Amino acid sequence: MFDFGILFPAVLNGLTTGAVYALVALGLTLIYGVLHIINFAHGAALMMALYGVYFLKQGLGIDPYLALLPMVLVMFAAGYALQRGIVNRASHGKDENILLVTLGLSIVLENIALLAFKSDTRTIETPYTLATVAIGPAMVSVPKLVAFGGALVASAVLLWIVRATDLGRAIRAVAREKQGARLVGIDVDHVYAMSFGIGLACLGAAACFLLPAYYVNPQVGNGFVLVAFTIVVLGGMGSFAGALAGGLLIGVVESLGGLWFGESLGQIGIFLLFIAVLLFRPQGLFGARA
């Protein structure tokens, strides 16, 4: 179990999975960092994005990687519209209402998917679905390798937007001091909606990277959002660096847990690590003390 020839492929597999986890968690982190709420509809939105990629492939023959740009744009528009049209109006400015609204959206989206697509698990086939490449002693799936690189690039683009653009400066201003940002002329409601849209755009990208080697059904988002919540808390609430590092760490821990305890108990290591962090560093790995 501790042989390099066994550990190296497990770690590599964990990193490829963890990069996609990190991308999902980055969207959740952005929404939390700006709106200061947990988006319970995040998993359901990922599920809808996966169905979008699936039907683009099955109905129009569009390769999942070529669907990246349209899916990102569609998910961004959906997120912007959801925040401005439903979440913002139904919350009446109360954070507890936003939590209930996003939870309700999650239930509605899952049941719409169940009604429209049934509970069947669906997959797609591409010429590279079963392709592998050798990296040292490990044979790595090509879709997972592409997902790793693509998720890191998408994460870098998100960090660039937040750090180096006017929108990013507005997002950081609203996240730090909403009333002060409003006083200097920033449209706070627009920034909220843009942040929500960008958070869901991350899910559009994640769906394109996932589906060549994964599956979709109406409940598929639940597992991802549970891991994403864990990553956000583990890395430090609102920390982009923490979400990225936490996603990679969680992927490796899950992979090694599956190696040592079996696939059915693979995720036990995630929650043991989560409990340890809460006990010894409750602000998260990259979070600041309150």
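Residues numbered from 1 in each chain as written. Predicted model: local features only at pLDDT ≥ 70, side-chain atom pairs only at ≥ 80, totals over all residues. Heavy atoms only, no water.

### Digging into empty space enclosed by the protein
Stage number 1. Following the criterion strictly, the structure yields one cavity of 30 Å³ or more and no others.
Stage number 2. Its boundaries defined by the atoms lining it, the largest cavity holds a volume of some 30 Å³.
Stage number 3. Every residue lining the largest cavity is listed: Asn39, Ala41, Ala45, Leu82, Leu105, Leu109, Phe196 and Leu200.
Stage number 4. Listing elements by their share of the lining of the largest cavity, those giving two or more residues are helix H4 (95-117) and helix H8 (188-210).
Stage number 5. In the lining of the largest cavity, the residues fall into seven nonpolar, one polar and no charged. (1 Å grid on protein atoms, 1.4 Å probe; cavity = no way out; pocket = protein on both sides within 12 Å on 5 of 7 lines; lining within 4 Å. Points joined across faces, edges and corners; volume = space filled by probe spheres on them. Helix = DSSP H or I, 4+ residues; strand = E, 2+ residues; numbered from the N terminus. Nonpolar A, V, L, I, M, F, W, Y, C, P; charged D, E, K, R; others polar.)

### Details of the packing of helix H5 (residues 142-164) against helix H6 (residues 166-176)
Stage number 1. In the contact formed by H5 and H6, the axes pass within 5 Å of each other and the chain directions differ by 75°. By the angle between their directions, the pair H5 and H6 is classed as roughly perpendicular. Along the contact surface, H5 presents Ile161, Val162, Arg163 and Ala164, while H6 presents Asp166, Leu167, Gly168, Arg169 and Arg172.
Stage number 2. The residue inventory of the contact of H5 with H6, partitioned by class, reads four nonpolar, one polar and four charged. (Axes fitted to C-alpha atoms, helices over the stretch in contact; angles between N-to-C directions. Parallel < 35°, antiparallel > 145°, perpendicular 65-115°, else oblique. Contact = heavy atoms within 4.5 Å.)

### Side note on a nonpolar patch on the surface
Stage number 1. On the surface, Phe40, Leu99, Leu100, Leu103 and Ile107 cluster together to form a nonpolar patch covering roughly 430 Å² of accessible area.
Stage number 2. Mapped onto the fold, Phe40 is located in the loop between helix H1 (4-35) and helix H2 (42-60).
Stage number 3. Here Phe40 falls in the partly exposed class, since its relative accessible area comes to 34%. (Patch = residues over 30% accessible without salt bridge, like charges linked within 9 Å, V, L, I, M, F, W, Y side chains within 5 Å. Areas by Shrake-Rupley, 256 points an atom, 1.4 Å probe, with all protein chains shown as cover. Salt bridge = Lys/Arg side-chain N within 4 Å of Asp/Glu carboxyl O. Buried < 20%, exposed > 50% of the residue type's maximum accessible area, 1.4 Å probe, protein only.)

### Let's talk about the nonpolar core
In a soluble, globular protein the nonpolar side chains are often hidden away together inside.
Stage number 1. The biggest cluster of nonpolar side chains holds 71 residues, and the ones touching the most others in it are Leu23, Leu30, Val34, Leu46, Leu50, Met71 and Leu158.
Stage number 2. In terms of residue count, the dominant contributor to this core is H8 (14 residues).
Stage number 3. Among residues more than four places away in sequence, those in contact with Leu23 are Ala151, Ala154, Ser155, Cys202, Ala205, Ala206 and Phe209. (Core = buried A, V, L, I, M, F, W, Y, C linked by side-chain atoms within 4.5 Å.)

### A look at the packing of aromatic side chains
Stage number 1. The tally for this structure, following the rule as stated, stands at 10 aromatic pairs.
Stage number 2. When the centroid spacing of 5.8 Å and the interplanar angle of 70° are considered together, the rings of Tyr21 and Phe224 count as edge-to-face. Residue Tyr21 is found in helix H1, and its partner Phe224 is found in helix H9 (residues 220-235); the two are separated by 203 residues along the sequence.
Stage number 3. Residue Tyr21 is classed as buried on the basis of its relative accessible area, which comes to 9%.
Stage number 4. Residue class for Phe224 comes out buried when judged on its relative accessible area of 6%.
Stage number 5. Aromatic side chains Phe76 and Tyr80 sit 6.4 Å apart centroid to centroid with 45° between the ring planes, which places their arrangement in the tilted category. Taken together, the residues Phe76 and Tyr80, both in helix H3 (residues 68-91) and four residues apart, mark about one turn of the helix.
Stage number 6. For Phe76, a relative accessible area of 24% corresponds to the partly exposed category.
Stage number 7. Here a set of aromatic residues connected by ring pairs shows up, and it is made of Tyr21, Tyr214, Tyr215 and Phe224. (Phe/Tyr/Trp six-rings, centres within 6.5 Å; stacked < 30°, edge-to-face > 60°.)

### Structural notes on the pattern of salt bridges
Stage number 1. According to the stated counting rule, one finds one salt bridge in the structure shown.
Stage number 2. Ionic pairing is found between Asp166 and Arg169, a salt bridge with its closest N-O pair at 2.7 Å. Linking Asp166 with Arg169, this pair stays in helix H6, spanning three residues, or about one helical turn.
Stage number 3. The class for Asp166 is exposed, based on a relative accessible area of 60%.
Stage number 4. Taking the relative accessible area as the measure of exposure, Arg169 reaches 40% and is therefore partly exposed.

### Some words on the side chain of Arg122
Stage number 1. Along the chain, Arg122 falls in the loop between H4 and strand S1 (132-135).
Stage number 2. Within the buried set, Arg122 has no salt-bridge partner at all; the shortest N-O distance to an opposite charge, 4.8 Å, is to Asp120.
Stage number 3. In this structure the side chain of Arg122 is engaged in a polar contact, spanning 2.8 Å, whose partner is the backbone oxygen of Phe117.
Stage number 4. Beyond its immediate chain neighbours, meaning those up to four positions away, Arg122 contacts Tyr51, Tyr54, Phe55, Phe117, Tyr215 and Val216. (Lys, Arg positive; Asp, Glu negative; His and termini not counted. Polar contact = N/O pair within 3.5 Å; in protein donor to acceptor, adjacent residues only side chain to side chain.)

### Observations regarding the UniProt feature "transmembrane region" (unreviewed entry) in the protein chain
Stage number 1. UniProt's feature table lists "transmembrane region" (unreviewed entry) at residues 20-53, 65-86, 98-117, 129-162, 191-216, 223-253 and 259-280, given in the numbering used throughout.
Stage number 2. Annotated as residues 223-253, this span is 87% helix and 0% strand, and its ends, taken at the C-alpha atoms, are 16 Å apart. (UniProt positions renumbered as here; feature names shortened; annotations may be inferred.)

### A closer look at the layout of surface pockets
Rolled over the atoms, a probe sized like a water molecule indicates the empty space that remains.
Stage number 1. Taken as a whole, the largest pocket spans an internal volume of roughly 680 Å³.
Stage number 2. Lining of the largest pocket is provided by 27 residues; of these, Thr17, Tyr21, Lys144, Tyr214 and Glu254 occupy positions nearest its centre.
Stage number 3. Elements supplying a minimum of two residues to the lining of the largest pocket: H1, H5, H8, H9 and helix H10 (240-261).
Stage number 4. No other element matches the six residues that H1 contributes to the lining of the largest pocket.
Stage number 5. Considered class by class, the residues forming the lining of the largest pocket number 12 nonpolar, 12 polar and three charged.
Stage number 6. In this structure, the second largest pocket spans a volume of roughly 390 Å³.

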